[in-house]
Amino acid sequence: MSRPQAAGFLPYARQQIDDRDIDAVTSVLRGEWLTTGPAVLRFEQALALRCGARQAVSCSSGTAALHLACLVLDLGPGDAAIVPAITFLATANAVRMTGAEPVFADVDADNGLLTAAGLEAGFARARTRGLVIKAVLPVHLAGQCPDLTSLSQLARAEGARIIEDACHAIGTYHACPNGSAAPVGACRLSEMAVFSFHPVKTIAGGEGGAVTTNDPDIARRLALLRNHGMTHDAAEFRDGDLGFDRRGTANPWYYEMVELGWNYRLSDIHAALALSQLGRLDQFVERRRGLAQRYDELLAPLGRLVQPIRRSRGCLPAWHLYSVLIDFAALDTDRAAVMAGLRAVGIGTQVHYIPLHRQPYYRQRDPGLVLEGADAYYRRTLSLPLYFGMSFADVGRVVDELQGILSRRVTKVAS
Ligand SMILES: *Cc1c(COP(=O)(O)O)cnc(C)c1O
């Protein structure tokens, strides 16, 4: 069979690096500081401002940010946190790293977002397992928010606090109960929001993460825990004997370790890149929104066979992924065949995500758990290429190829 030679390969995601980014990084390399220094501070201030939060504390990855957020809520052995079953491993792993147990909750079968019913069932399951839920970690899958108003009401009624896993959702806005819109990261309905600057995300830092919060005590403790639990701040010293001289002045060499911490610092090299990228966030979001809209239009004729994920109400998404739901069963094909077919013509796709409660590590911790929404979402989901460097013509090419592969199936089934 002859087919036109595929143009360049279209991965499902890719970073956008320009000369401004390269200049920002090289100027750090020419300066004094490589690790946490002035670029980190500037990035944290810019991120807090952009998100409408009082403070942002950066760290070495989104996973580290999730871990720090769980530590700050004092999660530990005997505690639990509710995590939607459709997310990246790190959301649940961060809970486990503290010794606490993730309890998986069901999601909307059509967009993978945590639902109020799923959260309620999660609380009930935790009770039957004798676990105290201290935190809920809603995930802003693909860039959309779940209904944070109802989730936060439910969580508060149970005495649990909210950590938003916003790794997909920098630039997204969500509705507040008073009818206003808030940027994700403003933490209007949560204690903390967590971001990742892994290169597949909307802004790249190489590696990197951050937590935003409006609570200065939380911010202080996050900063402490990302740096070995040690402080040079005399106001935080607990041992007056060693820290101060005879006149009560803090000794210049002195530092104090007040609790067990990690080395989760961000470097100035990474922060300079992330800061430079943050300056183009609006452009990134606008392009992704335009590309997503083009996909929506071109896919519309395919009807129920290939649908965009259901739009979440009360949310203006900054799309991180363009995920669709494909009725593989009705098409008498399977996902592996469609992915291979697309790959053969130079189009990369990915699956976000395998439900966490089905991972061997987690299945053996809660063997009987059935989550039908998560399974139904997983069965049908496929993420198509979406990134700043794509053109509308690239979107057309993806849809044409997908349609071609699927219609050959339909013809075969019909004949
Ligand atoms: C990427 C991602 C993480 C982890 O971020 P890293 O920076 O790669 O550690 C956590 N949660 C979600 C939903 C993610 O997509």
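Treat the numbers as computed from the prediction; the structure is a model and nothing was measured. Along each chain, residue indices are assigned from 1 in the same order as the chain's sequence is written. Since the coordinates come from a predicted model, pLDDT governs what is reported: local features require at least 70, and pairs of side-chain atoms require 80 or more to be given and counted, while whole-chain, interface and lining totals use all residues. Side-chain calculation: all heavy atoms of the structure are included, whereas hydrogens and water are not.

A.B. asks: Is there a simple way to explain the packing of helix H2 (residues 38-51) against helix H9 (residues 268-278) in this structure?
C.D. replies: Helix packing geometry: the angle between the two helix axes and the distance between the axes. Under this scheme, a helix contributes an axis fitted over its contacting stretch, all axes are lines through C-alpha atoms, and angles between N-to-C directions fall in the 0 to 180 degree range. We count a stretch as a helix when DSSP gives it H or I for four or more residues in a row; a strand needs E for two or more, and each element gets its number in order from the N terminus. Where H2 contacts H9, the axes come no closer than 8 Å and their chain directions differ by 35 degrees. Of the two possible hands of crossing, H2 and H9 adopt the one that is left-handed. Across the interface between the two elements, Pro-38, Ala-39, Val-40, Arg-42, Phe-43, Ala-46, Leu-47 and Arg-50 of H2 pack against Asp-268, Ala-271, Ala-272, Ala-274, Leu-275 and Leu-278 of H9. Residue type decides the class: Asp, Glu, Lys and Arg count as charged, Ala, Val, Leu, Ile, Met, Phe, Trp, Tyr, Cys and Pro as nonpolar, and the leftover types, Gly among them, as polar. Each residue belonging to the contact of H2 with H9 can be placed in one class, and the counts come to 11 nonpolar, no polar and 3 charged. Each crossing gets its handedness from the near helix: less than a right angle anticlockwise from the far helix is left-handed, clockwise is right-handed. In this description, contact between two residues means that some pair of their heavy atoms is separated by no more than 4.5 Å.

A.B. asks: Mind showing me how you'd approach the domain arrangement of the chain here?
C.D. replies: Quite often, the size of an interface is put as the accessible area lost when its parts meet. Per the domain assignment, the segments making up the chain are domain 1 (6-278) and domain 2 (281-414). Domain borders in the structure are assigned automatically or taken from a domain database. Between domain 1 and domain 2, the C-alpha centre-to-centre distance is 27 Å. Facing the 52 residues of domain 1 at the interface are 57 residues of domain 2. As used here, buried area is the combined drop in accessible area, with a 1.4 Å probe, of two parts when they are placed together. Both sides of the domain 1 and domain 2 interface together cover about 4,700 Å² of buried area, and 57% of this is carbon and sulfur. Salt bridges are counted wherever a side-chain nitrogen of Lys or Arg sits within 4 Å of a carboxyl oxygen of Asp or Glu. On inspection of domain 1 and its partner domain 2, the count reaches 7 salt bridges. With a closest N to O distance of 2.7 Å, Arg-50 and Asp-282 form a salt bridge. Two N or O atoms count as a polar contact when they lie within 3.5 Å, although within protein this holds only if one can serve as hydrogen donor and the other as acceptor, and sequence-adjacent residues are included solely when both atoms are side-chain atoms. Scanning the region where domain 1 abuts domain 2 turns up 32 residue pairs in polar contact (both at pLDDT 80 or more). Residue assignment for the side of domain 1 that touches domain 2 shows that the elements contributing at least two residues are helix H4 (89-97), strand E3 (101-105), strand E6 (173-175) and H9. Residues that form the side of domain 1 that touches domain 2 fall into these classes: 28 nonpolar, 14 polar and 10 charged.

A.B. asks: Can you help me understand the site of the ligand in this one?
C.D. replies: If a single non-hydrogen atom of a residue is within 4 Å of a molecule or strand, that residue counts as near it. Close to the ligand lie 16 residues; Gly-62, Thr-63, His-168, Ser-196 and Lys-201 are nearest. Note that an oxygen atom of the ligand is positioned 2.7 Å from one of the backbone N or O atoms of Gly-62. Between Lys-201 and the ligand, the recorded distance is 3.0 Å, taken from a side-chain N or O atom to an oxygen atom. Every accessible area reported is derived by Shrake-Rupley at a probe size of 1.4 Å, with residue values counting cover from the shown protein chains alone. Considering the ligand on its own, with 380 Å² of exposed area, one finds that the protein chains cover 92% of that surface. Cavities and pockets were defined on a 1 Å grid built over protein atoms only: a cavity is a set of grid points that admits a 1.4 Å probe from which the probe cannot escape, a pocket is an open set flanked by protein on both sides within 12 Å along at least five of seven lines, and lining residues are those with an atom within 4 Å of any such point. Cavity and pocket membership follows a simple rule, namely that a molecule belongs there if more than half of its atoms are within 2 Å of the grid points. Structurally, the ligand is housed in the second largest pocket. Contributing elements (two or more residues each) for the shell around the ligand: helix H3 (62-72) and H4. It is H3 that provides the largest number of residues to the shell around the ligand, a total of 3 residues. Across the shell around the ligand, the residue classes break down as 5 nonpolar, 9 polar and 2 charged.

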